[in-house]
Amino acid sequence: MRKIPGPPPESILFGNIKTLLTEEDSYVKWIQKYGNIVKFYGIFNQTSILVADTKIIQDMTLNHVYDFIKPPNLLADAILIAGRGLVLAEGEEHKRQRKMMNPAFAHNNVKEMVPTFIRVASTLIGLIEDKVNSGESNINLTPYISKATLDVIGLAGFNYEFNSLTSSNELAEAYNALFNSPNPTLRFISTVLANYIPFFREIPIKMNRDFKNACAIINRVSKKLMEEKYNEAKNGELKSKDLLSLLININMALPDEEKITNDELQYQIMTFLIAGHETTSSTTLWCLYSLAHYPHEQDLLREELVKAFPDKSKFNPTFDEINSLEYLNCIVKETLRIYSPAPVVGRTNVEDKVFGEYLIPKNTTIRIALLALHKSPEIWGPTANEFDPKRWLDPSVTKNVTNLNYLPFLTGTRSCIGNKFALTEFKILLSMLIRNFVFKPTEGFEFKKRTMGVSKPSPYLALTVSKVEC
Ligand code: HEM
C-alpha cells in the first residue's frame, strides 16, 4: 500500500482524523486530488483506503459482498447500543435477516404508512406555524425536523408514540444521550476509546454510567415492545402495519430454519431508529437549506405542489400521487446527490484483495466514497457541485447515471433496505413544508457541515420562515 497516493499523516496518534472532522468534504477533495484509490491515515495512524472506482465498488457491494465486513474496530459501542440487527449482522446471519425482512419494506407496506407520515408532518406544520404566528421568523429547524423523523420511525417502525414533537419520553432521552451529546468531541473520543480498549465502558466514570444507563433503557423499552407484540400475536396475525408487526407476522409464517430469533427481532427496533432517523432528518434539512438558497427551485416546487393540491388544508396524497410529482422527484434526487447523509460507508476486507495495481492486505479499513462519485465532474459535468434539480430531466446527463455512480442508499446486497420508506417519508415532509411555508436564508447565520456517520448542519440549521397564505 506504500505506493498508493494520498495525504500525508498529520499526527502520530490521529493520522488525518482532525482534517476529516474539521474540514468539509475531505474525502471528496482527496479523491479529486489523488485519484480513485487513495490512502489516508486513521486513529493510531492506521493505514486506510478510500475508493471511488465503480468496478471495485461493484466487487465490494455485489460480487464479493461478504468479503467486506463492517469495520470491527468501529463497532464496539454500536453493538452495545443496537445489537446485531440488520445493520451490524454479517455473512449468513445477515443473509437470513435480510431475506426475512425484505418483504416488510415492499411498496405495498410502505404505501400503508403514508397516513402516518402525513399525521406527523401535520403536527410539525402546526408547530412551525405557531412559532411564525408568535412573531418569530428566524427558526432553528434542526430540532423540529429531527423530532418529526424520530416520531415517524417510532410509529411506522414499531408503533411507538415518541410524541417527541410535543413532549419528552425516556426512549427519546436515552437516544439523545447516545447520539446528540452536547459535547460531540468528547463523545467521539469516548467511542474511539471504547472501540480500542476492551472493557473501557466498565470503568466507573460518569460518562460510562450515562452510556450504560441509556443502553439499559433502550433494552428495557424494546423488550417491553416485543412482549406486547407477542402477547397480541397469541390471538393470531398482528393487525398493525408498523415494520416490527410486519416482521413478526412474516417470521411466524416461516419454517424454523428461515426464522430470525427473538433477540434479532428486538435488535431491529434500535436498528431502525439509528438507520432511519438522522438520515432522513439530515436529508430534509439539507434540502430546505438548498431550496432557501435557490429560491427559483423552491418556487418551481411550490407551483407543482399548488397545482396538485390546490387546498393546502386538504393535503392528503396517496403513495402514487406523491411519487407522480416530477419536480419533487428531481429535488429529492438532487439533494441526495450532493448532500448524501452517508458520504462514505466503511468496510474491512477479510481476505487480501487486489485493487487496480495495489495489494490491499486483509483487515484494512476501506471507505467507499459515495459523495466523491456524486460530485465527480466526469459524471455530472462542470456543474457537479451545484444544486441543479433540472439535471434529472436531461437525458444527456441521466444516461450516464448508474447504481454504481449514484448511490446515496449504497447498492447491492447491503443497500439500504429502508430506501422506499425514506423516500416517501422525505417527499411527504418536504411537500407539506414547502406547500405551507417559504424558506429564506437567515442573514448572518453561519454553520458548518459536520460528519459523524451522518453529515448534518452544525451546530444547527436556522432559516427565515414565512407562511404561504393560500
Ligand atoms: C434518506 C434516508 C436514508 C439514507 C440516505 C440511507 C442510506 C443508507 C446507506 C448508505 C446504507 C448502507 C450502510 C452500510 O452498509 O454501511 C443503509 C443501510 C441501511 N438502512 Fe438506510 N438510509 C436512509 C433511511 C433509512 C430508513 C428510513 C431505514 C428504516 C426504516 C433504513 C434502514 C437501513 C438498514 C436496516 C440498513 C442496513 C441494510 C443491510 O445491511 O442489509 N434506512 N442506509
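Residues numbered from 1 in each chain as written. Predicted model: local features only at pLDDT ≥ 70, side-chain atom pairs only at ≥ 80, totals over all residues. Heavy atoms only, no water.

- If you look the chain up in an unreviewed UniProt entry, it shows as Cytochrome P450 from Rhizophagus clarus.
- Reading the Cofactor (unreviewed entry) entry of the UniProt record for the chain gives the comment "heme". (UniProt positions renumbered as here; feature names shortened; annotations may be inferred.)

**A closer look at a nonpolar patch on the surface**
- Taken together, the side chains of Leu 13, Phe 14 and Phe 44 make up a nonpolar region of the molecular surface, amounting to roughly 290 Å² of accessible area.
- Within the secondary structure, Phe 44 sits in the loop between strand S1 (37-41) and strand S2 (47-51).
- Residue class for Phe 44 comes out partly exposed when judged on its relative accessible area of 44%. (Patch = residues over 30% accessible without salt bridge, like charges linked within 9 Å, V, L, I, M, F, W, Y side chains within 5 Å. Areas by Shrake-Rupley, 256 points an atom, 1.4 Å probe, with all protein chains shown as cover. Salt bridge = Lys/Arg side-chain N within 4 Å of Asp/Glu carboxyl O. Helix = DSSP H or I, 4+ residues; strand = E, 2+ residues; numbered from the N terminus. Buried < 20%, exposed > 50% of the residue type's maximum accessible area, 1.4 Å probe, protein only.)

**What about the UniProt feature "binding site: heme" (unreviewed entry) in the chain?**
- The positions UniProt marks with the feature "binding site: heme" (unreviewed entry) are Cys 416.
- The residue Cys 416 is located in the loop between helix H20 (395-398) and helix H21 (419-436) in this model.
- Dropping the residues within four chain positions of it, Cys 416 is found in contact with Arg 98 and Phe 409. (Contact = heavy atoms within 4.5 Å.)

**Quick look at the packing of aromatic side chains**
- Under the criterion given, the structure shown has 24 aromatic pairs.
- Plain terms: the ring middles of Phe 105 and Phe 272 are 5.7 Å apart, the flat faces sit at 75° to each other, and that makes the pair edge-to-face. Taken together, the residues span a long stretch of sequence, with Phe 105 in the loop between helix H5 (91-101) and helix H6 (107-111) and Phe 272 in helix H13 (residues 262-276) at a distance of 167 residues.
- The buried category is assigned to Phe 105, whose relative accessible area is 6%.
- For the ring pair Phe 437 and Phe 439, a centre distance of 6.3 Å and an interplane angle of 70° mean the geometry is edge-to-face.
- Overall, Phe 437 belongs to the buried group, its relative accessible area being 0%.
- Three or more aromatic residues joined by ring pairs form one cluster here, namely Trp 286, Tyr 289, Tyr 339, Phe 445, Phe 447 and Tyr 460. (Phe/Tyr/Trp six-rings, centres within 6.5 Å; stacked < 30°, edge-to-face > 60°.)

**A few points about the domain arrangement of the chain**
- Each domain of the chain was delimited in the assignment, giving domain 1 (1-71 + 343-407) and domain 2 (83-342 + 408-467).
- The C-alpha-based centres of domain 1 and domain 2 are spaced at 25 Å.
- Taken together, the contact between domain 1 and domain 2 spans 39 residues of the former and 38 residues of the latter.
- Summing the contributions of domain 1 and of domain 2, the shared interface buries around 3500 Å²; its carbon and sulfur component is 64%.
- Among the residues domain 1 hides against domain 2, the three largest losses belong to Tyr 66, Pro 343 and Phe 387. Together they make up 24% of the total.
- Where domain 1 packs against domain 2, one counts 3 salt bridges.
- In this structure, the salt-bridge partner of Glu 334 is Arg 391, at a minimum N-O distance of 2.9 Å.
- Applying the counting rule to domain 1 against domain 2 returns 20 residue pairs in polar contact (both at pLDDT 80 or more). (Domains from an automatic or database assignment. Buried area = accessible area lost by both parts, 1.4 Å probe. Polar contact = N/O pair within 3.5 Å; in protein donor to acceptor, adjacent residues only side chain to side chain.)

**Section: helix H2 (residues 26-34)**
- Those residues of H2 that fall on the buried side of the exposure criterion are Ser 26, Tyr 27, Val 28, Trp 30 and Ile 31.
- Where the residues of H2 are buried, they touch helix H1 (17-22), S1, S2, strand S8 (365-368) and helix H18 (370-374).
- Downstream of H2 by a residue or two, Gly 35 has a phi angle that is positive, lying close to 110°.

**Quick notes on the packing of helix H12 (residues 243-253) against H13**
- Interaxial distance between H12 and H13 falls to 10 Å at its minimum, and their mutual angle equals 155°. Classified by the angle their axes make, H12 and H13 are roughly antiparallel. Helix-helix and strand crossings are classified by hand; for H12 and H13 the assignment is right-handed. For the pair H12 and H13, contact is made by Leu 243, Leu 244, Leu 247, Ile 248 and Asn 251 and by Leu 265, Gln 268, Ile 269 and Phe 272, respectively. (Axes fitted to C-alpha atoms, helices over the stretch in contact; angles between N-to-C directions. Parallel < 35°, antiparallel > 145°, perpendicular 65-115°, else oblique. Left-handed = near helix turned anticlockwise from the far one by under 90°.)

**Quick look at the site of the ligand**
- Surrounding the ligand, one finds 26 residues, the nearest of these being His 94, Arg 98, Arg 347, Arg 414 and Cys 416.
- Secondary-structure elements contributing two or more residues to the shell around the ligand are H5, H13, helix H14 (278-293), strand S5 (345-349) and H21.
- No other element matches H14, which puts 3 residues into the shell around the ligand.
- A per-class count over the shell around the ligand returns 15 nonpolar, 7 polar and 4 charged.
- Taken domain by domain, the makeup of the shell around the ligand includes at least three residues from each of domain 1 (1-71 + 343-407) and domain 2 (83-342 + 408-467). (Near = heavy atom within 4 Å. Nonpolar A, V, L, I, M, F, W, Y, C, P; charged D, E, K, R; others polar.)

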